[in-house]
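An overview of the molecular structure
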Amino acid sequence: MAKRDKIGVLDLQGGVHEHVYHLQALGIEPVRVKVAEQFDDLAGLILPGGESTCLIRLLNIFEITPKLKAAHADGMKIWGTCAGSILIANEIENDKAHLQLMDISVNRNAFGFQLDSFNTKVLVPKVSNDEIDLTFIRAPKITKVGENVEVLLKLDDYIAAAESENCLATVFHPELTPSLAFHKYFVEKCGVTVTSDLTERPDRTSWMKYARYTEVSK
Ligand code: GLN
């Protein structure tokens, strides 16, 4: 079995740098994954937000898909953020499913257009004792989870974060808000040690300049 002790960020399309910066703030130097051979040392892989149809096309064109699935079966945990959560879902209600690694159903673009994107601030008890800013950018909704999936955050009529033994799914973008809590949570889920005790990235990310908060009910 491969020695899996690194964290990777799939570097084909989407919000790659922001995940890298968050991991670096935690003292982790991630692998920017562009080819399948890089999966060999990974304890965990982040699939960034972006565009799920574009990401799956690139994964298939570069023949990464079967190797990603094999690495996952060999113990590499996966965190899908937004488009990434669509990629790992077993079922997409309004589209064809892709990697099918987690027993969740999602509804793509469930909040409407890009301009219907929003931010909110909530407590996610399993992940942090402090409220966390969350940003939803043309996000999907998780509409159903299987028995082996734990809901980490439910808002209004949908699930916003969930986890199974080997996957974490968030429909929002923790890499675009200052809190490092979700990144720390995933890194530790992968059995990798966080060496910094920062709880927020030192510089606020530019996205937060545009923050407009929306009330949600829990
Ligand atoms: N709307 C995108 C999709 O369906 C996801 C958006 C995102 O990752 N921020 O793939």
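All residue numbers refer to position in the chain's written sequence, counted from 1. Only residues with pLDDT of at least 70 get local features here, since the model is predicted, and only at 80 or more are side-chain atom pairs given and counted; chain-wide, interface and lining totals rely on the full set of residues. Think of the side-chain values as coming from all heavy atoms in the structure, minus any hydrogens and water.

**Notes on the site of the ligand**
Our working definition: Note on terminology: near, applied to a residue and a molecule or strand, indicates that one of the residue's heavy atoms is within 4 Å of it. Under the rule applied, a polar contact is a pair of N or O atoms within 3.5 Å (in protein, one hydrogen donor and one hydrogen acceptor; residues adjacent in sequence only if both atoms are side-chain atoms). Only the protein chains shown count as cover for residues, and the accessible areas themselves come from Shrake-Rupley with a 1.4 Å probe.
In the neighbourhood of the ligand, the contacting residues comprise Gly49, Gly50, Glu51, Ser52, Cys82, Ala83, Ile86, Arg108, Asn109, Ile137, Arg138 and His173. Within the backbone of serine 52, a nitrogen or oxygen atom sits 2.7 Å from an oxygen atom of the ligand. Arginine 108 places a side-chain nitrogen or oxygen 2.7 Å from an oxygen atom of the ligand. In the complex, the protein chains occlude 94% of the 300 Å² of accessible area that the ligand would expose alone.

**Observations concerning unusual backbone geometry**
The criterion, for reference: Secondary structure counts use DSSP, requiring at least four H or I residues in a row for a helix and at least two E residues in a row for a strand, with both numbered from the N terminus. Accessibility here uses a 1.4 Å probe with only protein chains present; expressed as a share of the type maximum, an area under 20% marks a residue as buried, one over 50% as exposed, and anything in between as partly exposed.
Backbone geometry places glutamate 63, a non-glycine residue, at a positive phi of 55°. By the secondary structure assignment, glutamate 63 is in the loop between helix H2 (52-61) and helix H3 (65-73). Among the residues examined, glutamate 63 registers a relative accessible area of 58% and is labelled exposed. Of note, glutamine 100 is a non-glycine position whose phi angle comes to about 50°, a positive value.

**Notes on helix H1 (residues 16-25)**
To be explicit about the condition: Contacts are residue-level and defined by heavy atoms, with any inter-residue pair within 4.5 Å sufficient.
Three or more residues of H1 are buried, namely Val16, His19, Val20, His22, Leu23 and Ala25. Against the buried residues of H1 lie strand S1 (6-10), strand S2 (31-33), strand S3 (42-47), strand S4 (77-81) and helix H5 (181-189). Positioned one or two residues after H1, glycine 27 has a phi angle of 85°, which is positive.

**Overview of the pattern of salt bridges**
Applied cut-off: Note on definitions: salt bridges are taken to be side-chain nitrogens of Lys or Arg within 4 Å of carboxyl oxygens of Asp or Glu.
Applying the stated criterion across every chain, the model contains 14 salt bridges. Notably, a salt bridge pairs lysine 121 with aspartate 133, separated by 3.8 Å at the nearest N-O pair. Of this pair, lysine 121 sits in strand S7 (residues 118-122) while aspartate 133 sits in strand S8 (residues 132-136), and the two are 12 residues apart along the sequence. A relative accessible area of 11% places aspartate 133 in the buried class. Lysine 189 is the partner of glutamate 163 in a salt bridge, and the nearest nitrogen-oxygen pair spans 2.9 Å. Here lysine 189 lies in helix H5 and glutamate 163 lies in strand S11 (residues 158-163), a separation of 26 residues in the sequence.

Nothing here speaks to function; it is geometry throughout.
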